[in-house]
Each structure stands twice: as C-alpha cells, then as structure tokens.
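Tertiary structure, described
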Amino acid sequence: MSKTVVGLFSTMAEANKAKQELITDGYESHNIHVMANDEGLASSSAPTANESGYTDIGSGGGTGIGEKISSFFRSLIGGDDHAHDHYAKGVNAGGALLAITVPDEEAAEAATFLKQVGARDIEGGSSSKYEGSATTAAEGVAIPIVEEELVVGKREVDRGGVRIYSHVVERPVDADINLREEQINVERRVVNRPATAADFAAGSGSVIELNATGEEAVVGKTSRVVEEVLVGKQSSERTQAIHDSVRKTEVDVEEVPGETTGAGISKDRY
C-alpha cells in the first residue's frame, strides 16, 4: 500500500528545489508531482505538464482552480472538496503544491522531509498558521484521547511475627523440715531394798530389747500448671486514603480565520 504526502510551498522555485532534493535523497522522480498556477499561460481545462517539469493549472483570475485542484488530487490520492479548496487558495496566491507517493511505512519520513525543506499547509486556515508543516492527505488524522483511571487493589504482605520457644530450666530451692529422733538411755542406779521373788524371776535369764526410732527427710517433687502462654492471631480492618493523580489527553481546537467567512468548523465533541 502507498500514501501520497502533500506539501504547499510559497513559490514554484521552492517546490522545484524540494523536488530536486527529494530525487537526490533517493526518491523516484515519477512519484513526485508539482502543481502551480502559471499567470503567464492561458487557462486550461485540465492540469497539464509543461516544460518546467510541473503541472500548470492555468490562472484566469482563479476561475476553475478549485475544480482543477480536485482533479489533480483525485488522480493521486482522492480526498474531500473542503481540503481541495484550501489548497487551491495557496496555489491561486502564487504557491505550488508538491505531492510525493511513497509506501505506507515511508509516509511519515517523507512528511518530515517536506517540513524540513520549507513546506507549509493551508488546510483549515491561513497558510502562515501552518508554516513548516506537511500533511499526509491520503487519510484523516486521528488523535487518541487517553484517560487514566485509578485502580486500587490490595495484596497480602508479610508483616513479621513471633517465634516462641519452650524449654525446661532448673533453679536451686531451700526448705526446712523438723525431724524427730529417739535415743536409748541405759542407766544404773544404786538401790538398797529386800529382794523378792519377782526380782529373782526378772533377773533370771530375761532379755529386754528396746529399739530407738528416728525420722529422716524424704524429698519428692510434684508438678502443677501455674501459667499458660496463648498464641494466636486476630484480624482487624482499617481504611487507607489513596492520594495519586491520573492523566487525560485534552484536545484544544482553535478556529483559524480564512479569507472568507461562514465556513465554520463542526465541533461534535472535544
């Protein structure tokens, strides 16, 4: 697919110079068309190529120039009559059009080249307003209106926590206890009394055995649960205010006055 890029120059000399620079830059000459209004030649009903290498649309005080521009454009790129009328104003004022047909991917580069060599576009208003620009006339230009929206979500993050260890430790303790002890006492006493038969019986081969007892400490241990450490989680919610900014493309349309009034611009929505 190909596109045709059109630039308006103030004079025929500028257009021819641009054409030569395009050819020098590697563009094919048969894809480059220059159109001008030669005041010194008679009007013609259709564009013709003269000896200077450009298309002469005649003058006749501007009569029929719009139709000839339209024929010129339709033969190359089509387009609408409104755009043709604007280009006709520049040609009728002594300017010249240069149209170059290139592959789609080279259209932007060609438009930049025309801008660099002094092309200007009068579409939409006076030519001075668009000094130094070139347009791709094969199709309209769409300006995207981009608007950002704030999207707030949430994600789970690790806030840290606790690690709990349990282990057994020992500590020394002291305790007092009262212990009972028995002692055996053997005592001799001196007596002086008459002996009896009982005395003889008690002392004849009798054995007396007496045991002493005592208490000693017995150590034991008992265990009791005296405290608990509870480990768990609880959830709560909080509201956080998000402060940010979003971007939006805004298009400002300025109506540029032309040589005549009443044309106006259709403003559907901006």
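Please refer to the structure placed before this passage.
Residues numbered from 1 in each chain as written. Predicted model: local features only at pLDDT ≥ 70, side-chain atom pairs only at ≥ 80, totals over all residues. Heavy atoms only, no water.

Brief notes about the layout of surface pockets
Counted as a void, the second largest pocket has a volume near 1,100 Å³. Around the second largest pocket, the lining comprises 20 residues; the ones closest to its centre are Lys-154, Arg-155, Arg-159, Ser-236 and Arg-238. Of the residues that constitute the lining of the second largest pocket, the class distribution is five nonpolar, six polar and nine charged. (1 Å grid on protein atoms, 1.4 Å probe; cavity = no way out; pocket = protein on both sides within 12 Å on 5 of 7 lines; lining within 4 Å. Points joined across faces, edges and corners; volume = space filled by probe spheres on them. Nonpolar A, V, L, I, M, F, W, Y, C, P; charged D, E, K, R; others polar.)

As for the pairing of strand S1 (residues 2-9)
With respect to burial, S1 is a largely interior element, seven of its eight residues being buried. In the sheet, S1 pairs with strand S5 (residues 96-103) via eight bridges, with the strands oriented antiparallel. Directly across from Phe-9, in S5, lies its bridge partner Ala-96. (Buried < 20%, exposed > 50% of the residue type's maximum accessible area, 1.4 Å probe, protein only. Helix = DSSP H or I, 4+ residues; strand = E, 2+ residues; numbered from the N terminus. Pairing = 2+ DSSP bridges.)

Focus: the pattern of salt bridges
Enumeration over the complete set of coordinates arrives at three salt bridges. Between Arg-180 and Glu-182 there is a salt bridge; the shortest N-O distance is 3.1 Å. Given a relative accessible area of 34%, Glu-182 falls into the partly exposed group. In this structure, Asp-199 and Arg-193 form a salt bridge, with 2.7 Å as the shortest nitrogen-oxygen distance. On the accessibility criterion, Asp-199 (30% relative accessible area) is partly exposed. Residue classification places Arg-193 among the exposed positions, given a relative accessible area of 54%. (Salt bridge = Lys/Arg side-chain N within 4 Å of Asp/Glu carboxyl O.)

With respect to helix H4 (residues 107-116)
Those residues of H4 that fall on the buried side of the exposure criterion are Ala-107, Ala-110, Ala-111, Phe-113 and Leu-114. Buried residues of H4, viewed axially, fall in a sector of 160°; they line one side. Facing away from the buried side of H4 by more than 90 degrees, the exposed set consists of Ala-108, Lys-115 and Gln-116. The secondary structure elements touched by the buried residues of H4 are S1, helix H1 (12-24) and S5. Of the residues trailing H4, Gly-118 is marked for its positive phi of about 100°. (Arc of directions from axis to C-beta. Contact = heavy atoms within 4.5 Å.)

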